Amino acid sequence: MPKGIKDKVVILGMGCSRFGERWDADAEDLMVEAYLEAMGDAGIESSQLDAAWLSTCYEEQHVGKSAIPLSTALRLPNIPVTRVENLCASGSEAFRGAVYAVASGAADIALALGVEKLKDAGYGGLPYRTKGTVNDLYQANISAPGAFAQIASAYGARFGLDRGEIKRAMAHISVKSHDNGSKNPKAHLRNKITEDAVLNAGIVAEPLGLYDCCGVSDGAACAIVTTPEIAKSLGKKDLVAVKALQLSASNGLESQHNSWDGSHFVTTRIAAKRAYDEAGIANPREQLSLIEVHDCFSITELVTMEDLFISAEGEAVKDVLDGFYDSDGKVPCQIDGGLKCFGHPIGASGLRMMYEQYLQMLGRAGDRQRKEPPVLGLTHNLGGHPHSNVCSIAIVGRYGA
Amino acid sequence: MVGIVRFGGYIPRLRLSRRVVVEANAWGNPALKSMGKSERSMCGWDEDAITLGAAAARDCLGDADPAAIRGIYFASTSAPFEDRQSAGVIAEALRAAGPDCAALDVAQSQRAGTSGLIAALSAVAGGAGPIVYVAADRRVAPAASMQELAFGDGAAALLLDAGDGAAKLLGSKSSTVDFVDHYRGENRRFDYGWEERWVRNEGFLKIVPPVVKAVLDEAGVAPSAVTHFCMPCTLRGVAAGVAKQAGIPEAAVQDNLHDGCGDTGTAHALVMLVHALERAKPGDILLVAGFGQGCDALLFQATDKVAEGRSAVGVAGHLARGTVETNYQKFLAFNGMVEMEKSPRSEADRQTKHTAAYRHRDMLLGFVGGRCTSCGTLQIPKSRICVNPNCRAVDSQEDHPFQSYPGRIVTWSADYLTYTPEPPAYYGMVQFAEGGRLMADFTDVDPALMQVGGGVEMVLRVKDRDPNRGFVRYFWKAKPVGDAAAAKA
C-alpha cells in the first residue's frame, strides 16, 4: 500500500467567488475574484507560485480549451499550468494535481482553480453536450436529473420504500440545504423553503421535483497549497492539512455487468474506503465532524450517506429525518448550502467544498460557523451518472490531528 | 412451387380517434362529419416505414434463422430516405445482411406492395429464396383531408421460399395502364387526387375485374372457390363491386380494416392478406389484388401447414393491442403538421459520423453484443476486454444477438428536462435474463408498467433525427410489457 498523502500538504489560502447567476461576469472575472481572495488569504505574490491547475467541464460554454485562459486571466508568470476535466469532479482533480505537485517536491507552492460559467447557455439546467462519437449513436437520451432519479427507483425497490417515503426524506434534505444556504452570503440560493413546497413542486425527472435539483450556477473557487514547513515559515499557525485524496472511476461494471442493483454508488464506496485508510479513520460516523457531499440531487445526498459508511445500509432515511446531518446535528452535511444552494459551477464545486471545510476549521464561516470547529472533514465530489461516474473523496483536517 | 412459409404484421400501438379529428376540422369541411367513426393506426414519433417494416419482419420470422435469408424486398411509398436502401436497414436489423443477401426496394405506386411480391415470388421460383418480403407505409396527408382519416400506418411481412409453405402460389397476373387517380410530385409532401367517383367507376371497377378473372382462369380456379378476397380499397362499394363482377362470393370479401387501422398504402394488400392467412384453413383460396397504374392479382391456396406459418402476434394480434389516442394535436406534432415549440436542447448538432456508425452497424441496427468465450459473460456493446471483473479476457468476445431477449427494469425515470418529441422521456437500466444490460430509452410506454422488475422487450425505433442533414438514426429501445415477461427475466 502506498503511504499516502496524510499531513504532507496544507492549505495556504483559499478563495471563492460569489456563486449564482452572474450576468455581470465572464469566466475570467470569476477566476480573478476567487484568485484575489485566495492570494490575499495566503499572503503571497504570484511570483511565488510554482505551478497551477485549472478545472472546467463545459469549457465550450465559456473559456475554450487549455489552461491558457487561467494563465492569461491571472497573468501568471509563465509557470506550468494544466487544465483538467473529470465531469462534475473536475474541481477535485485540480486540487489533486496541485497537492500531488507539492507532495512530490516538484512545487513548493501550487494553485488549483476551478471555474464554470454556465449561465450563458440561454436556457435552464445543464447545457446539452455530446457524449462522444460512438456513444451518441446508441446511448439513452439521458439528462442529469433523469440519470440520478433512477437511484430512487432502485433504492426504493431494495428497501421496500414507497415513493412518498423517499420523497419526504429528500424533502428534508432540500429544506435543510436551503436553511443553510440562507446563512451564506456567497450562495446562489438564499431563500428558505418548506417541506410542502418541495413535495408540491413540479416533477423534473420522476420522482425528483424542482427542489430536489441543485442550482446551475456561475462561479469559481481557488486553493493554494504548500508544505507544512513553508506554511509555518510564512507565518501560518492554524494549519488545515490534506489527510486523504482518493478517486475511483467506473470501469463499465455498473452499466454493463449485472452485479450492480442501481441503488448505490460503486465508486463512492471504493473511494471512501481508500480515503479512510489513507487518513487513518476507523469509524467515520464518529470521527468525521463535517461533510460536504455532491448533492447534485437530493437523492444523491441520501444514498451517499450510506456509501460513505456514515449511515448504515437502509438507515439513511432515518438519519436524515432525525436531523443527524442538519447544521446542528452530529455530522452536518452541506452546512454551506451545498451544491443545492451554494450552487454548482461544475469545475469549481470540488474546490468550493474544500473552501467550506477550510473556513469551518479555522472558525471563519460567519453566521453558519459550527460552534465547535470541525477537526476532520470530508468532501465527496461526483462526476457523471450513477451508472458511470468518477468519485473523488478528499479528507482534510487540522494538521497533526 | 413457391409459397409463403411464414407471415406476420405490425400495426403501431397508437390508434387515433377519428372523432377527435372530425371535431377539430368539421368547422371547415362539414363533409368530414360522416367520417368520425372508429380509429386509424398512427405511428409514434419514433416510427417510420423502416421501423414498421422491421417490426413486421421480426414478427414474421420469429425464431427462424436469419442467416438463411437470401434476400430482403421492401415496398413503400413513404420510405424515410430518397436514396438509402430501406431493405438494407431492415436486413441489418434482421441480422440477415451480408455477402449472401440481396436487397431491393420497390416504390412509386400504391401497387408496389403486390408488384414487388410478384417479383419476389418469381425470384424465389428461380432459386433466389428464401426471401423476406416486407411492405410498410407511414403516409402523411394534409390536416382536415379525407386521406388523413382514411390512411393508417402499418406493415406486413412474408417469408417466401420454394415449396408449398403455409400458402402456395397458384398464380399471378398484372395489367398496366397510366390511370392517375392520385400522384405525388417531386419534393411534394402530399398526394394530389382526382374525383372519387371517377376513381371508383373508371378505375377500380374497370381495371381490377379483368385481372382478377384472368388470374383465376389461368389457375383453373372457379371464382366461387375463393374464400378470402383481399381488395385494399377504402372507397365504398369497390371490393364488393369487383367481387360481384368477377363472380367471387360476397362472403369472401375481406374486411378492409378501415375500423381500427385504416389504409396502410403499399402495405395494405399484404396486411389484409396476412390478416386473412391468420384465419385461413387448409385448402382455402386467397386472392389479393393491388391497384395503382394498373392492377396485380395473386392467388394463393392455404396448405395444411397454414397454422404453422402464423406469427406470434400478427396483424390480428397487433390490431387487438392498440391504445386509443384522443389527442389530435399529438398526431399533428408527430407528423410535422404543426410547428411545435422545442426546447433549446433540441438544437444540439446530431450529425452522424458514418464511419463510426458503419463500424458499429451490427450493434446499432442488429442489437448484437458480445459473449465472452472465456467466461460466458454477455455484454452489450461488446468490448475488447471482458466486463466481468473476474475475467478480463482480451479479444475473447464473439458476436451475440440480444434482440429477442426479454429484459426487466432495474432502474428508471421519466424525464421532463431532456429533449424528446414526446415528453417525458422514459429510460432506464434494462437487464437481460441471459446476461447483459443497457441503459436504454423506452418507447410505447404505458406508465403503469414502469416499475422496477417490470418486463420489457426490445424494438428497433428511430433514435433521433438530424434536421440539418435529413438523416435518421435508428437504435433499439425497451418497450415495457408488464410482469408476465418479467417473470421470465
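So, here's what we can say about the structure.

What counts, and where the lines are drawn
- Residues numbered from 1 in each chain as written.
- Chains lettered and ligands numbered in written order.
- Predicted model: local features only at pLDDT ≥ 70, side-chain atom pairs only at ≥ 80, totals over all residues.
- Heavy atoms only, no water.
- Helix = DSSP H or I, 4+ residues; strand = E, 2+ residues; numbered from the N terminus.
- Rg over C-alpha atoms; globule rule 2.2 N^0.38 Å.
- Buried < 20%, exposed > 50% of the residue type's maximum accessible area, 1.4 Å probe, protein only.
- Contact = heavy atoms within 4.5 Å.
- Areas by Shrake-Rupley, 256 points an atom, 1.4 Å probe, with all protein chains shown as cover.
- Lys, Arg positive; Asp, Glu negative; His and termini not counted.
- Charge placed at Lys NZ, Arg CZ, Asp CG, Glu CD.
- Salt bridge = Lys/Arg side-chain N within 4 Å of Asp/Glu carboxyl O.
- Buried area = accessible area lost by both parts, 1.4 Å probe.
- Patch = residues over 30% accessible without salt bridge, like charges linked within 9 Å, V, L, I, M, F, W, Y side chains within 5 Å.
- Pairing = 2+ DSSP bridges.
- Right-handed = clockwise from strand over helix to strand, strands pointing away.
- Phe/Tyr/Trp six-rings, centres within 6.5 Å; stacked < 30°, edge-to-face > 60°.
- Lys NZ or Arg CZ within 6 Å of the ring centre and 35° of its normal.

## Here we look at the overall build of chain A
A count of helices and strands for chain A gives 15 helices and 11 strands. Relative to its length of 401 residues, chain A is compact, with a C-alpha radius of gyration of 20 Å against a globular reference of 21 Å. With the principal axes as the frame, chain A shows a C-alpha extent of 55 × 45 × 45 Å. Burial status across chain A gives 65% buried among its 401 residues. For chain A, the proportion of contacts with a sequence separation of at least 24, taken over those separated by at least 6, is 78%. Total accessible area computed for chain A in this model is approximately 13500 Å², and 49% of it derives from carbon and sulfur atoms. Treating the 39 positive side-chain charges of chain A as one cloud and the 49 negative ones as another, the clouds have centres 3 Å apart.

## Quick notes on the pattern of salt bridges
Residue and element names in this part refer to chain B. On inspection of all chains with the given rule, the structure shows 45 salt bridges over all chains. Residues D296 and R111 are paired through a salt bridge, measuring 2.8 Å at the closest nitrogen-oxygen approach. One end of the pair, D296, is in strand β13 (residues 294-302); the other, R111, is in the loop between β5 (102-106) and α4 (112-125), with 185 residues separating them in the sequence. Among the residues examined, R111 registers a relative accessible area of 8% and is labelled buried. A cluster of three or more residues bridged by salt bridges with shared partners is formed by D46, E47, D444, R461, K477 and K479.

## Considering the interface of chain B and chain A
Opposite the 48 residues of chain B that make contact, chain A presents 40 residues. Both sides of the chain B and chain A interface together cover about 3400 Å² of buried area, and 59% of this is carbon and sulfur. Summed over the three residues of chain B that lose the most area to chain A, namely R345, R437 and M439 of chain B, the buried surface amounts to 18% of that side. At the junction of chain B and chain A, the tally comes to zero salt bridges.

## Concerning a negative patch on the surface
Together, D26, E28, D29 and D120 of chain A make up a region of like negative charge exposed at the surface. The partly exposed category is assigned to D29 of chain A, whose relative accessible area is 40%.

## Examining the pairing of strand β3 (residues 81-84) of chain A
Residue and element names in this part refer to chain A. In this structure, strand β2 (residues 51-55) lies alongside β3, joined through four bridges in parallel fashion. From the neighbouring strand, S55 faces β3, where its bridge partner is V84. In this region the chain leaves β2, passes through helix α2 (residues 68-73) and returns to the parallel neighbour β3; the handedness of that crossover is right-handed.

## Comments concerning the packing of aromatic side chains
Per the stated rule, a full pass over the model turns up 20 aromatic pairs over all chains. Here Y73 of chain B and Y133 of chain B contribute two aromatic rings whose centre-to-centre distance is 6.4 Å and whose plane-to-plane angle is 50 degrees, an arrangement assigned as tilted. Of the two residues, Y73 of chain B sits in strand β4 (residues 71-75) while Y133 of chain B sits in strand β6 (residues 131-137), which places them 60 residues apart along the sequence. For Y73 of chain B, a relative accessible area of 11% gives the class buried. Feature note: the residues Y138 of chain A together with F367, F402, Y405, F432, F475 and W476 of chain B constitute an aromatic cluster, connected by ring pairs. Sitting above the plane of the F81 of chain B ring, R84 of chain B keeps its charged end 4.9 Å from the centroid.

Any link to function would need more than the numbers given here.
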